[in-house]
Amino acid sequence: MPADTAFERVGNDLFLWKHLWLLDGQRIRCCYCEQEQSLTWAHQALVHGHHCPGRTASAQYPWQDLVELLCAHYQGK
Ligand SMILES: [Zn+2]
């Protein structure tokens, strides 16, 4: 994949990540229900509020998603 295309894809994925999550120091917060998770709990799925529109059918690990995005960016994937 050409580097420009990979960069654009990571940029799009990061845009989507930022649409749901807010990075605040060592915490990530859901933009909708404001449930937050500290870096030390990165291995746990974030628990949203009951009626949060940010919930998905599968568990969400925003810290791990962010790391994967950044690694993909630096590895040019
Ligand atoms: Zn939420």
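1. Regarding the overall build of the protein chain
Reasoning step 1: Of the regular secondary structure elements, the protein chain holds two helices and three strands.
Reasoning step 2: Scanning the protein chain from its N terminus toward the C terminus, one meets helices and strands in the order α-β-β-β-α.
Reasoning step 3: Looking at the protein chain as a whole, 10% of its 77 residues are labelled buried.
Reasoning step 4: A sequence separation of at least 24 residues applies to 32% of the contacts in the protein chain between residues at least 6 apart.

2. Considerations on the environment of W17
Reasoning step 1: Here W17 lies in helix 1 (residues 3–20).
Reasoning step 2: Sequence separation between W17 and D65 is 48 residues, and the spatial gap between their C-alpha atoms is 8.0 Å.

3. A word on the pairing of strand 1 (residues 21–24)
Reasoning step 1: The pairing of strand 1 with strand 2 (residues 27–30) spans four bridges and is classified as antiparallel. Among the inter-strand pairings, W21 is bridged to a residue of strand 2, identified as C30.
Reasoning step 2: Where strand 1 hands over to strand 2, the hairpin turn is made up of two residues, of which G25 adopts a positive phi near 65 degrees.

4. A look at the sheet that holds strand 3 (residues 36–38)
Reasoning step 1: Spatially, the three strands line up as an open sheet ordered 1-2-3, and their pairing is antiparallel. Only two strands of the sheet have a single neighbouring strand rather than two, namely strand 1 and strand 3. Mean inter-strand twist for the sheet, computed between neighbouring axes without regard to direction, equals 20 degrees.

5. Considerations on unusual backbone geometry
A negative phi angle is the norm for most residues apart from glycine, just as the trans form is the norm for most peptide bonds.
Reasoning step 1: Although it is not a glycine, E34 adopts a positive phi angle of roughly 65 degrees.
Reasoning step 2: In this structure, E34 sits in the loop between strand 2 and strand 3.
Reasoning step 3: Since 11 C-beta atoms lie within 10 Å of it, E34 is described here as exposed.

Thresholds, definitions, all that
Residues numbered from 1 in each chain as written. Predicted model: local features only at pLDDT ≥ 70, side-chain atom pairs only at ≥ 80, totals over all residues. Helix = DSSP H or I, 4+ residues; strand = E, 2+ residues; numbered from the N terminus. Buried ≥ 20, exposed ≤ 12 C-beta atoms within 10 Å, placed from the backbone. Contact = placed C-beta atoms within 7 Å. Pairing = 2+ DSSP bridges. Axes fitted to C-alpha atoms, helices over the stretch in contact; angles between N-to-C directions.

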